[in-house]
Amino acid sequence: MSGVAKFIGLLGMGSVATLMAATQLLGNHGESSKSIKALTDANVSAFILKMADVTDGKDAEKGQLGVTEWLMAHLSETGVFSTQINYSGEGMPDKPEELSMTRDQYVGHVIEGLKAVGDHKTKVTVESVSIDPSKKSAATVTVIRESGILPVMGEDGVEVPVPMTGISYCEQTVALASENIIQLTGAKCSTTVGIAEGF
């Protein structure tokens, strides 16, 4: 996988992406997972935003173990998280790449990304939430804008910090698990990544 593809693989589904605690659903947002009896626009949107905060490293007090535990609790064991990566800019690959991850692979990529990518910033917009009549599952559409500094190996064997930007359009599914917590059960994204202007 190329360095730029790895950038999206690590961070794209925070998304993506996004990307994405065992006893608390919304942490600082103040709502306990034990209180979730039905999905609503509000708690699904808050969950998506919380997922972005966790995968972005904004809950620094959790540490690597806390992030891993939160993701393992809130990603479905059978979930599939995929994205088509499109490249923009000179020197970028010509063809799109497909990336598909299981829950464990996605968690590993998030942890690796938190270590490797510097000055990572994410802005997530929840475009729509569609709640199933059962109130137990929902579909969402989100837009995720990201930037970060990725160390890329140059031709001379020396790492060069490269400022990257990415935008992902994601269709995600969530469900209310038996433990009364919200889980991300799947994500399918289309991501465009490039080198930041002025580099």
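Residues numbered from 1 in each chain as written. Predicted model: local features only at pLDDT ≥ 70, side-chain atom pairs only at ≥ 80, totals over all residues. Heavy atoms only, no water.

**Comments concerning the state of the cysteines**
Consideration 1: For the structure on display, the rule yields one disulfide.
Consideration 2: The disulfide partner of Cys-170 is Cys-189, and the S-S distance across this bridge is 2.1 Å. In this structure, the disulfide formed by Cys-170 and Cys-189 twists by about 110 degrees around the S-S bond and is classed as right-handed. Linking Cys-170 in strand 5 (residues 159-176) with Cys-189 in strand 6 (residues 182-195), this pair joins segments that are 19 residues apart in sequence. (Disulfide = S-S within 2.5 Å. Helix = DSSP H or I, 4+ residues; strand = E, 2+ residues; numbered from the N terminus.)

**As for the packing of helix 2 (residues 41-55) against helix 3 (residues 63-74)**
Consideration 1: Following both chains from N to C, one finds helix 2 and helix 3 inclined at 145 degrees, their axes separated by 10 Å at the closest point. Of the two elements, helix 2 crosses helix 3, and the hand of that crossing is left-handed. Between helix 2 and helix 3, the contacting residues are Phe-47, Lys-50, Met-51, Val-54 and Thr-55 on the first element and Val-67, Trp-70, Leu-71 and His-74 on the second.
Consideration 2: Of the residues that constitute the contact of helix 2 with helix 3, the class distribution is six nonpolar, two polar and one charged. (Axes fitted to C-alpha atoms, helices over the stretch in contact; angles between N-to-C directions. Left-handed = near helix turned anticlockwise from the far one by under 90°. Contact = heavy atoms within 4.5 Å. Nonpolar A, V, L, I, M, F, W, Y, C, P; charged D, E, K, R; others polar.)

**Focus on the sheet that holds strand 4 (residues 137-153)**
Consideration 1: The six strands lie next to each other as 2-1-6-5-4-3, forming an open sheet whose pairing is mixed. The sheet is open, and its two edges are formed by strand 2 (97-102) and strand 3 (118-131), each paired on a single side. Averaged over all neighbouring strand pairs, the angle between strand axes comes to 15 degrees, with direction disregarded.
Consideration 2: Inspection of the sheet shows strand 5 paired to strand 6 by 13 bridges, in the antiparallel sense. When the sheet's bridge partners are listed, Gly-166 is paired in strand 6 with Val-193. (Pairing = 2+ DSSP bridges.)

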